[in-house]
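# Geometric and topological summary
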Amino acid sequence: MSIPYLWGTDKKIISNFSSEPGYCPKCEEKAVSAHVYQQYNHLLGIPLYPTNKAYKVRCRHCSTHFYGEAIPDEVRDYIASRKREAGTPVMFFVGSVLYPATLISLILLFF
Ligand SMILES: [Zn+2]
């Protein structure tokens, strides 16, 4: 259990892209886009370390969101390759350096 805003998990968009090879299964328009999210654990809102990446698929024409098996195979393959290419930004490791450095500084300052 976590206390919101004190510690817990959150996610941020790290990549947006249009999926060229895919058509929307609902309206059949070639207007599918996706966001790749980086999920992370945080302490006081500062990211400690990244956990995993996830994605959301949406049709820009009919605004339908697709999850799991509803995502067409060609779109899923394209997204999987782009998801691998989307690196994890350094900002998701800031807390891993900041908190220990602050603790060591306080110990050196007061002891
Ligand atoms: Zn659509």
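Residues numbered from 1 in each chain as written. Predicted model: local features only at pLDDT ≥ 70, side-chain atom pairs only at ≥ 80, totals over all residues.

When you go through the protein chain residue by residue, the secondary structure sums to 2 helices and 4 strands. Along the chain direction, N to C, the helices and strands of the protein chain fall in the order β-β-β-β-α-α. What you see for the protein chain is a C-alpha radius of gyration of 19 Å, clearly larger than the 13 Å of a compact globule of 111 residues, by over 25%. Dimensions along the principal axes, computed over C-alpha positions, put the protein chain at roughly 65 × 25 × 20 Å. With 111 residues in all, the protein chain has 15% of them scored as buried. The long-range fraction of contacts in the protein chain, counting pairs at least 24 apart against all pairs at least 6 apart in sequence, stands at 64%. (Helix = DSSP H or I, 4+ residues; strand = E, 2+ residues; numbered from the N terminus. Rg over C-alpha atoms; globule rule 2.2 N^0.38 Å. Buried ≥ 20, exposed ≤ 12 C-beta atoms within 10 Å, placed from the backbone. Contact = placed C-beta atoms within 7 Å.)

This part is about the environment of Gln-38. By the element assignment, Gln-38 lies in strand E2 (residues 32-43). By C-beta crowding, Gln-38 is classed as buried, having 22 other C-beta atoms within 10 Å. Between the C-alpha atom of Gln-38 and that of Lys-12, which follows or precedes it by 26 residues, the distance is 5.5 Å. With near-sequence residues (within four places) excluded, Gln-38 lies in contact with Lys-11, Lys-12, Ile-14, Pro-50, Lys-53, Thr-88 and Phe-92.

As a further point, take the pairing of E2. Taken together, the 11 bridges between E2 and strand E3 (residues 46-59) define a ladder with antiparallel strand orientation. What sits directly across from Val-36, in E3, is Tyr-55. The turn joining E2 and E3, which pair antiparallel and follow one another in sequence, is formed by 2 residues; a positive phi near 55° is taken by Leu-44. (Pairing = 2+ DSSP bridges.)

This part takes up the nonpolar core. Membership of the largest hydrophobic core is limited to 9 residues, which are Cys-24, Val-32, Ala-34, Val-57, Cys-59, Phe-66, Ile-71, Val-75 and Ile-79. Broken down by secondary-structure element, the contributors of at least two residues to this core are E2, E3 and helix H1 (73-85). (Core = buried A, V, L, I, M, F, W, Y, C linked by C-beta atoms within 7 Å.)

Right, let's talk about the pairing of E3 for a bit. Summarising the sheet, E3 and strand E4 (residues 65-66) pair through 2 bridges and their orientation is antiparallel. In the sheet register, Arg-58 faces E4, and the bridge partner there is His-65. Between E3 and the antiparallel strand that follows it, E4, lie 5 residues; Ser-63 among them carries a positive phi value of about 60°.

Moving on, we get to the confidence of the model for the protein chain. On average, residues of the protein chain score 86 in pLDDT, and 93% of them reach the 70 mark or higher. Element-level pLDDT for the protein chain is lowest in H1, with a mean of 79, against a maximum mean of 93 in helix H2 (residues 94-110). (pLDDT = per-residue confidence, 0-100.)

Considering the arrangement of structural elements, one finds Thr-88 in the loop between H1 and H2. For the pair Thr-88 and Leu-48, spaced 40 residues apart in the sequence, the C-alpha separation amounts to 13 Å. Ignoring any residue separated from it by four or fewer positions in sequence, one finds Thr-88 in contact with Gln-38 and Pro-50.

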